[in-house]
There are 2 protein chains.
Amino acid sequence: MNNLIECVPNFSEGKDPATVQAIIDEIRAVQGITVLNTHIDPDHNRSVITFLGNRQSVSEAAFRAVTTATKLIDLRAHTGLHPRIGATDVLPFVPLAGTTMEECISVAHEVGERIASELKIPVYFYERASKRADRTNLEDIRRGGFEVLSKEIEKVPEREPDLGPRKIHSTAGAIVVGARPILIAFNVNLRTTDVGIAKKIARTVRGRNGGLKFLKAIGLDLSEKGYVQVSMNLVNYEMTKLHQAFDAVKREAEHLGVSVMSSEIIGLIPRRAVEMCAEHYMLIENFSSDAVIENRLGKRESS
Amino acid sequence: MNNLIECVPNFSEGKDPATVQAIIDEIRAVQGITVLNTHIDPDHNRSVITFLGNRQSVSEAAFRAVTTATKLIDLRAHTGLHPRIGATDVLPFVPLAGTTMEECISVAHEVGERIASELKIPVYFYERASKRADRTNLEDIRRGGFEVLSKEIEKVPEREPDLGPRKIHSTAGAIVVGARPILIAFNVNLRTTDVGIAKKIARTVRGRNGGLKFLKAIGLDLSEKGYVQVSMNLVNYEMTKLHQAFDAVKREAEHLGVSVMSSEIIGLIPRRAVEMCAEHYMLIENFSSDAVIENRLGKRESS
């Protein structure tokens, strides 16, 4: 269980399962890789694959995944709600047990080099792997999407890629490669069909507007299903905790006279985030991960 | 991680760490055994050792532990608050991942046979391993402790042991061997020095008085530390859940005008109990253990 890196590439294909499966097969073919999760979103026409392994395996599998996506996805024919600039749009590396952020930054740079030189795709580095202060935020790099970047990349100085040709790849676009802490995607559903309430709560709780620092939030209209949603990303769950995000949304909803219907975890969640909830809500003063039987069993096996 | 059995013997020695260590060393000497936890309680003059392994290892380690305790502990010289009838007082086997209750019952009977025939100690089977309806409850078997049982064992029909001599072992007393589901020991501390409040709440929330079915609870006076405690055992945490017990105590405390200060887990807790708290308090509708990254890693390793 030591020295594991998680990789969570986002691909601009969410309608053709065969294409996504071909990419998964390519990732799985690398020895030592485990594919943990696949999320295919037809509305966004986008897919997210979560896999992990040691440094060498993840580096190789990530490159092969990008190579396959480059062959199979033509961004000129792509439509979808989600902003994107590439066939493989984002390629983040995430440190798990026994791995440091520095190792993930180094893998991001190494895979980025191969993508630029072997696949001739312009590469931007983001988050912890960024090489320029204005490229920390994904949103800034992806501004205007494929269509705008195609024009600006050759002329606008701020849009010059960190590596690779200063020209958009005709079918695969460009790619954003980086390293970041693990992220929790968490939605809270509210018993109302007024999306204005979800948007108002999102603005109040998120860091961008002065709320919880490491929380991103938007309000989404799911009124045809009878409710609205505060859709959140916790980008540093050890600082801004999952239960803090939940409590903040619940409190704001109550102020607005609306009740929380349910919540949902999208994808994966670290064990500590779950344990911190139990500690918080039940005021457990001596909680330790070592008190959880199964955690002990894991340690036993690896010793 | 398959076919693991947990064993949680209780020994009537909590003041002499050397004796407890000798027993631990004997358990550890069996291949495939992991000692998870040791709790030495000088007030009760009693110790609890938690260990696990596969069926063969646990069976052997349990017998060796009882053999060592029989050599080192003389119950005639023992004083302490806790009711007890033996040097090794209780010997429960608990099914973990991949093991059934039936296997634990079978191990309990097998180890009980060896204790009766090789160590000449009277054996009573309890909980799921009991052979008589009136021996399900530990409290019933242990009534009056070593002193009363010493006299009644030879004369009173209901006190005849299930196996072994119908005569108390002069130094080791008798032993209660059994199989039971995993147990969570959980205390809630209240901001008051009135132990009457803790006792009242314990009576309201516990199964014996019509409260939560699989919850045992007593009120304890810790007023010299500035608070009182509702001390609980959850004997079937999948039916009566940890957060249900906490919420019940909190609600009763509020009715009585007292607030909850903190809570504590004693010993070990199953992962699912922690996860159910997160589900409950944050209304997570789609929670799955498979969404927890580390749980996936465990499965990956064992495949």
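This one's a predicted model, so the numbers in the text were calculated from it and none came from an experiment.

**Observations regarding the overall build of chain A**
The secondary structure content of chain A amounts to nine helices and 11 strands. Here chain A has a C-alpha radius of gyration of 20 Å; the compact-globule value for 303 residues is 19 Å, and the two agree. With respect to the principal axes defined by its C-alpha atoms, chain A has extents near 55 × 55 × 40 Å. The proportion of buried residues among the 303 residues of chain A is 54%. Carbon and sulfur atoms form 49% of the exposed surface of chain A, whose accessible area is close to 12,900 Å². Of note, chain A has its 39 positive side-chain charges centred 3 Å away from the centre of its 39 negative side-chain charges.

**Remarks on the environment of N3 of chain B**
Positionally, N3 of chain B belongs in the segment before β1 (5-7). In this structure, N3 of chain B is in contact with G53, N54, R55, A97, G98, T99 and E103 of chain B, ignoring residues within four places of it in sequence.

**Remarks on the interface of chain A and chain B**
The interface is formed by 46 residues belonging to chain A together with 46 residues belonging to chain B. Buried surface at the junction of chain A and chain B, summed over both partners, amounts to about 4,200 Å²; 65% is from carbon and sulfur atoms. Counting every contact that joins chain A to chain B gives zero salt bridges.

**Things to note about the sheet that holds strand β10 (residues 227-234) of chain B**
Residues and elements named next belong to chain B. Spatially, four strands are ordered β9-β10-β8-β11 in an open sheet, and the strand pairing comes out antiparallel. Of all the strands in the sheet, the pair left with one neighbour each is β9 (215-222) and β11 (260-266). Here the average twist between neighbouring strands, direction ignored, is 20°. Note: β9 against β10, eight bridges, orientation antiparallel. Bridging across to β10, L215 finds its partner in L234. This element, helix α7 (residues 242-255), spans β8 (184-190), β9, β10 and β11 of the sheet and lies at about 20° to β8.

**Points about the sheet that holds strand β10 (residues 227-234) of chain A**
Residue and element names in this part refer to chain A. Reading across from one edge, β9-β10-β8-β11 is the order of the four strands in this open sheet, with antiparallel pairing throughout. If you trace the sheet from one side to the other, it starts and ends with β9 (215-222) and β11 (260-266), each paired once. When strand polarity is set aside, the average angle formed by the axes of neighbouring strands in this sheet is 20°. Direction of pairing for strand β8 (residues 184-190) relative to β10: antiparallel, over a ladder of seven bridges. Residue F186 lies in a different strand from β10, and its bridge partner there is M232. Set on the sheet, helix α6 (residues 195-205) makes contact with β8, β9 and β10; between it and β9 the angle comes to about 180°. Running at roughly 20° to β8, helix α7 (residues 242-255) makes contact with β8, β9, β10 and β11 of the sheet.

**A word on the relation of the copies chain A and chain B**
At an RMSD of 0.1 Å, chain A and chain B line up after a rotation of 179° and a shift of 0.0 Å along the axis. In the structure described here, the two chain copies are related by an operation that fits a two-fold rotation axis. By C-alpha distance to the rotation axis, the residue of chain A lying nearest is A278 of chain A, at 2.9 Å. Of all interface residues in chain A, 100% are interface residues in chain B too; the two copies therefore contact each other through one and the same surface.

**Section: helix α1 (residues 17-28) of chain A**
All names here are of chain A. For α1, built from 12 residues, the straight-helix expectation of 16 Å at 1.5 Å per residue is met to within 8% by its first-to-last C-alpha distance of 16 Å. Within α1, the full set of buried residues consists of T19, V20, I23, I24 and I27. End-on view of α1: buried residues confined to an arc of 140°, all on one side of the axis. Away from the buried face of α1 by more than 90 degrees, exposed residues P17 and A18 are located. For α1, the secondary structure elements touched by its buried residues are β2 (10-11), β3 (34-41), β4 (46-53) and α2 (55-72). Of the residues that open α1, the one with a side-chain oxygen 3.1 Å from the backbone nitrogen of A18 is D16.

**Digging into the side chain of N295 of chain A**
Residues and elements named next belong to chain A. The residue N295 is located in helix α9 (residues 293-302) in this model. Polar side-chain contacts of N295 include one of 3.0 Å to the side chain of E275. Discounting residues that sit within four places of it in the chain, N295 has contacts with R271, E275 and S289.

**A look at the packing of aromatic side chains**
Counted by the stated rule, this structure contains one aromatic pair over all chains. Both rings, one in Y281 of chain A and one in Y281 of chain B, keep their centres 5.0 Å apart while their planes meet at 10°; by these two values the pair is stacked. Of this pair, Y281 of chain A sits in helix α8 (residues 271-281) while Y281 of chain B sits in helix α8 (residues 271-281), which puts the two residues in different chains. The exposure class of Y281 of chain A is buried, given its relative accessible area of 15%. Lying over the aromatic face of F63 of chain A, R114 of chain A brings its terminal NZ or CZ to 3.9 Å of the ring centre.

**Re the pairing of strand β5 (residues 88-95) of chain B**
Residue and element names in this part refer to chain B. For β5, a buried count of eight out of eight residues is recorded, marking the element as mostly surrounded by other parts of the structure. Relative to strand β7 (residues 175-179), β5 is paired through four bridges, and the arrangement is parallel. Its bridge partner lying in β7, V90 is registered against V176.

**As for the environment of E103 of chain A**
Residue and element names in this part refer to chain A. By the element assignment, E103 lies in helix α3 (residues 101-119). The class for E103 is partly exposed, based on a relative accessible area of 25%. Once the C-alpha coordinates of E103 and S223 are considered, the two residues, 120 residues apart in sequence, prove to be 44 Å apart. Beyond its immediate stretch of four places on either side in the chain, E103 contacts N3, R55 and G98.

**Some thoughts on the packing of α6 of chain A against α7 of chain A**
All names here are of chain A. Where α6 contacts α7, the axes come no closer than 10 Å and their chain directions differ by 130°. In terms of orientation, α6 lies oblique with respect to α7. α6 and α7 meet at a crossing whose hand is right-handed. Together, I201, T204 and V205 of α6 and A248, V249, E252 and A253 of α7 make up the contact between the two elements.

**Some details on the pairing of strand β6 (residues 123-127) of chain B**
The side chains of a regular strand alternate between both faces of the sheet. Residue and element names in this part refer to chain B. Within β6, four of the five residues are buried, leaving the element largely enclosed by the surrounding structure. Sheet topology note: the β6/β7 ladder contains five bridges and is parallel. Counted as the bridge partner of E127 is A179 from β7.

**A word on α7 of chain A**
Residue and element names in this part refer to chain A. When the terminal C-alpha atoms of α7 are compared, their 20 Å separation across 14 residues agrees well with the 20 Å that a helix rising 1.5 Å per residue should span. Restricting attention to buried positions, one finds in α7 the residues L242, H243, A245, F246, A248, V249, E252 and A253. Taken from the residues just after α7, G257 is the one with a positive phi, measuring 75°.

Each value, and the rule that gives it
Residues numbered from 1 in each chain as written. Chains lettered and ligands numbered in written order. Predicted model: local features only at pLDDT ≥ 70, side-chain atom pairs only at ≥ 80, totals over all residues. Heavy atoms only, no water. Helix = DSSP H or I, 4+ residues; strand = E, 2+ residues; numbered from the N terminus. Rg over C-alpha atoms; globule rule 2.2 N^0.38 Å. Buried < 20%, exposed > 50% of the residue type's maximum accessible area, 1.4 Å probe, protein only. Areas by Shrake-Rupley, 256 points an atom, 1.4 Å probe, with all protein chains shown as cover. Lys, Arg positive; Asp, Glu negative; His and termini not counted. Charge placed at Lys NZ, Arg CZ, Asp CG, Glu CD. Contact = heavy atoms within 4.5 Å. Buried area = accessible area lost by both parts, 1.4 Å probe. Salt bridge = Lys/Arg side-chain N within 4 Å of Asp/Glu carboxyl O. Pairing = 2+ DSSP bridges. Axes fitted to C-alpha atoms, helices over the stretch in contact; angles between N-to-C directions. Least-squares fit on C-alpha atoms with pLDDT ≥ 70 in both. Expected span 1.5 Å × (residues − 1). Arc of directions from axis to C-beta. Polar contact = N/O pair within 3.5 Å; in protein donor to acceptor, adjacent residues only side chain to side chain. Phe/Tyr/Trp six-rings, centres within 6.5 Å; stacked < 30°, edge-to-face > 60°. Lys NZ or Arg CZ within 6 Å of the ring centre and 35° of its normal. Parallel < 35°, antiparallel > 145°, perpendicular 65-115°, else oblique. Left-handed = near helix turned anticlockwise from the far one by under 90°.

Any link to function would need more than the numbers given here.
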